[in-house]
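Below are the chains, spelled out letter by letter.
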Amino acid sequence: MSEFTLWDIVYNLALAARWTVLLSLTAFVLGGGVGLLLLMARTAGNPWAMRLVRGYVELFQGTPLLMQLFIVFFGLPLIGIDVSPWVAAMLGLTLFTSAFLTEIWRGCVESIGFGQWEASASLGMNFRQQMRYIILPQALRIAVPPTVGFSVQVVKGTAVASIIGFVELTKAGTMITNATYAPFTVYGCVAVFYFLICYPLSLYARHLEGKLRHVAR
Amino acid sequence: MSLVELHAIYKSFGELEVLKGIDLRIEEGQVIALIGRSGSGKSTLLRAINGLETINDGTIMVAGKKVGDRDTDLLTLRLNVGMVFQQFNLFPHYTALENVMLSPQVVKKLSKAEAKEVAEEMLIKVGLSDKMLHYPDQLSGGQQQRVAIARALAMKPRVLLCDEVTSALDPELVNEVLAVVRQLAEEGMTLVMVTHEMRFAREVCDKLVFMHQGRIHESGAPEDVFANPKTPELANFVGGLAGAA
Ligand SMILES: Nc1ncnc2c1ncn2[C@@H]1O[C@H](COP(=O)(O)OP(=O)(O)OP(=O)(O)O)[C@@H](O)[C@H]1O
Ligand SMILES: [Mg+2]
């Protein structure tokens, strides 16, 4: 009935999937950068910075991603900043990602035993040197598998951007469905696309976990 | 002038007063053993000398200079006073050589070549010339502890603090570490060690300090202290050890 062949569906979804990947990558990279700054603030020992970061993390962990996007998308215009769906989605997902990565990494930093701090202190290192040479290199090794694992959550999280009208994989699926009236086929294809992006990441995270070497346990 | 002088050191953890006015002088070249029951404050005292515990009251002087609470004072203190821990605390992500090189390079700003030279010298000194490129998880406990000693020595401290450096080791590995400590003592290194190895303390140390409930209860030459303890607490402690052995 429809003029869409299966090939057309797949082709159009593939085009939209590029935006899903781009949005995920952007959110992940920017979120990682912000997360690292927050992590430093959280661990440096200033109680106010600590409380602030903790509040930030709890805010984002305690509300649905969808609400966070709505607040960015509808809230910023209220204070006179108009944002496109792309900017809103990127901003919202970056904030979301930074909060979760900060928390994951904080756990990794705190899993480094107190003895490492003491030994490096007794050798005359200051906080910056301890972080740079002793704590972060170890924390990063431990952090890689859960971080890669979390990237899967980011990819799946990009789906909510469809609701504010950003045309990524899910939104494209909805649009094609409206044209074809074949929701099962279309959303089936959408799911396959998500799976093709996420599954290798999960596999890779698991592989990295098996490869951890020379870390204190 | 003593190398390190402690005067009226007090330290509490919350309500619990752990150090109750410690006076101690550490002379250049002296080898001091700290003994006493569990919980008497030995580790806390060593950690205070290294600036790992902030004290509530009292003064610490190193080479005649008072240690204040500025960051540079703490750094000066730690450059003069090295420490070896019961649990080794090696950096697991670096090789033995890198463990020893790191601080000379980063803190003392030696060039990589200079730091490597010092590190190799120290690792040879502790008998690990063939293990330099091993990671800590590829070394036995005794070897790890010797790396930790080399790491502290590479900073060329004037005093080395050792907190029960053999307590975490399997019995058959204790001697290789004690041999290194003995060698350091013979070379004239100033040492303060918390130990339960009484025979070793007796043979190697110039001075024995018995701590009891946060105070220095008795101190003196090892022969005297062991042969005629002046207080019942020390007699008890020494007797308890003999009984256990
Ligand atoms: N960080 C801390 N917080 C609270 N209490 C502490 C802390 N460190 C030590 N203590 C307490 O201080 C007292 C003295 O401890 P310390 O470790 O100095 O004893 P010690 O003489 O080294 O004993 P051991 O022979 O068991 O090593 C103990 O009662 C201990 O529980
Ligand atoms: Mg102790």
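What counts as what
Residues numbered from 1 in each chain as written. Chains lettered and ligands numbered in written order. Predicted model: local features only at pLDDT ≥ 70, side-chain atom pairs only at ≥ 80, totals over all residues. Heavy atoms only, no water. Helix = DSSP H or I, 4+ residues; strand = E, 2+ residues; numbered from the N terminus. Areas by Shrake-Rupley, 256 points an atom, 1.4 Å probe, with all protein chains shown as cover. Lys, Arg positive; Asp, Glu negative; His and termini not counted. Charge placed at Lys NZ, Arg CZ, Asp CG, Glu CD. Rg over C-alpha atoms; globule rule 2.2 N^0.38 Å. Buried < 20%, exposed > 50% of the residue type's maximum accessible area, 1.4 Å probe, protein only. Near = heavy atom within 4 Å. Polar contact = N/O pair within 3.5 Å; in protein donor to acceptor, adjacent residues only side chain to side chain. Nonpolar A, V, L, I, M, F, W, Y, C, P; charged D, E, K, R; others polar. Contact = heavy atoms within 4.5 Å. Buried area = accessible area lost by both parts, 1.4 Å probe. Salt bridge = Lys/Arg side-chain N within 4 Å of Asp/Glu carboxyl O. Disulfide = S-S within 2.5 Å. UniProt positions renumbered as here; feature names shortened; annotations may be inferred. Pairing = 2+ DSSP bridges. Axes fitted to C-alpha atoms, helices over the stretch in contact; angles between N-to-C directions.

A. Structural detail: the overall build of chain A. Helix and strand counts for chain A come out as eight helices and zero strands. Starting at the N terminus and ending at the C terminus, chain A contains elements arranged as α-α-α-α-α-α-α-α. Taking the principal axes of its C-alpha atoms as reference, chain A extends roughly 75 × 45 × 20 Å. Total accessible area computed for chain A in this model is approximately 11300 Å², and 70% of it derives from carbon and sulfur atoms. When the 14 positive and 9 negative side-chain charges of chain A are each reduced to one mean point, those points stand 12 Å apart.

B. Main features of the overall build of chain B. Summing up its helical and strand segments, chain B has nine helices and ten strands in all. Its C-alpha radius of gyration of 18 Å places chain B within 12% of the 18 Å reference for a compact globule of 245 residues. Along the first, second and third principal axes, the C-alpha atoms of chain B reach 55 × 45 × 35 Å. Looking at chain B residue by residue over its 245 residues, the buried ones come to 53%.

C. Summary view of the site of ligand 1. All names here are of chain B. Around ligand 1 sit Phe13, Leu16, Val18, Arg37, Ser38, Gly39, Ser40, Gly41, Lys42, Ser43, Thr44 and Glu164, and that is every residue in its neighbourhood. Within the backbone of Gly39, one N or O atom sits 2.8 Å away from an oxygen atom of ligand 1. Separating an oxygen atom of ligand 1 from a side-chain N or O atom of Lys42 is a distance of 2.8 Å. Protein burial of ligand 1: of its 630 Å² of free accessible surface, 59% is covered by the chains. A per-class count over the shell around ligand 1 returns three nonpolar, six polar and three charged.

D. Focus on the interface of chain B and chain A. Each partner contributes to the interface: chain B provides 25 residues, whereas chain A provides 20 residues. Of the roughly 1900 Å² buried between chain B and chain A, counting both surfaces, carbon and sulfur atoms make up 60%. On the surface where chain B and chain A come into contact, there are one salt bridge. The closest approach of N and O atoms between B:Arg47 and A:Glu118, which form a salt bridge, is 2.7 Å. Our count for the contact surface shared by chain B and chain A stands at seven residue pairs in polar contact (both at pLDDT 80 or more). Elements represented by at least two residues in the side of chain B that touches chain A include exactly helix H2 (71–80), strand S6 (81–84), helix H3 (96–106) and helix H5 (141–153) of chain B. Looking at the side of chain B that touches chain A, the element that brings in the most residues is H3(B), giving three residues. For the side of chain B that touches chain A, the class distribution of residues is 15 nonpolar, five polar and five charged.

E. Examining the state of the cysteines more closely. Residues and elements named next belong to chain B. The final tally for this structure, using the stated rule, is zero disulfides over all chains. With no disulfide partner, Cys162 has as its closest neighbouring cysteine sulfur the one in Cys205, 10 Å distant. Judged by relative accessible area, which is 3%, Cys162 ranks as buried.

F. Highlighting the UniProt feature "transmembrane region" (unreviewed entry) in chain A. According to UniProt, the positions carrying the feature "transmembrane region" (unreviewed entry) are residues 20–41, 62–80, 86–105 and 184–204 of chain A. Along residues 184–204 of chain A one finds 100% helix and 0% strand; the C-alpha atoms at either end are 30 Å apart.

G. The arrangement of the sheet that holds strand S9 (residues 207–212) of chain B in detail. All names here are of chain B. With mixed pairing, the six strands of this open sheet are ordered in space as S6-S7-S8-S3-S9-S10. For this open sheet the edge positions go to S6 and strand S10 (215–220), each flanked by a neighbour on one side alone. Put simply, the sheet's adjacent strands are angled 20° from each other on average, direction ignored. As paired strands, strand S3 (residues 31–36) and S9 are joined by five bridges and run parallel to one another. In the sheet register, Ile32 faces S9, and the bridge partner there is Lys207. In the packing of H2 onto the sheet, contacts are made with S6 and strand S7 (159–163), and the angle to S6 comes to roughly 65°.

H. Molecular detail of the side chain of B:Gln145. Mapped onto the secondary structure, B:Gln145 falls in helix H5. Within the structure, B:Gln145 has its side chain in polar contact with the backbone oxygen of B:Phe85 (distance 2.8 Å).

I. Quick peek at the side chain of B:Asp163. Among the structural elements, B:Asp163 can be located in strand S7. Once you skip the residues sitting within four places of it in the chain, B:Asp163 turns out to touch B:Ser43, B:Leu46, B:Met83, B:Val84, B:Phe85, B:Gln86 and B:Val194.

J. Examining the UniProt feature "domain: ABC transporter" (unreviewed entry) in chain B more closely. Following the UniProt record, the feature "domain: ABC transporter" (unreviewed entry) maps to residues 4–238 of chain B here. As annotated, residues 4–238 of chain B comprises 39% helix and 26% strand, and the C-alpha atoms at either end are separated by 28 Å.

K. Region of interest: the pattern of salt bridges. Taken as a whole and assessed by the stated rule, the structure comprises twelve salt bridges over all chains. Notably, a salt bridge pairs B:Glu5 with B:Arg25, separated by 3.7 Å at the nearest N-O pair. One end of the pair, B:Glu5, is in strand S1 (residues 4–13); the other, B:Arg25, is in strand S2 (residues 16–26), with 20 residues separating them in the sequence. Through salt bridges with shared partners, a single network forms among A:Glu103, A:Arg106 and A:Glu110.

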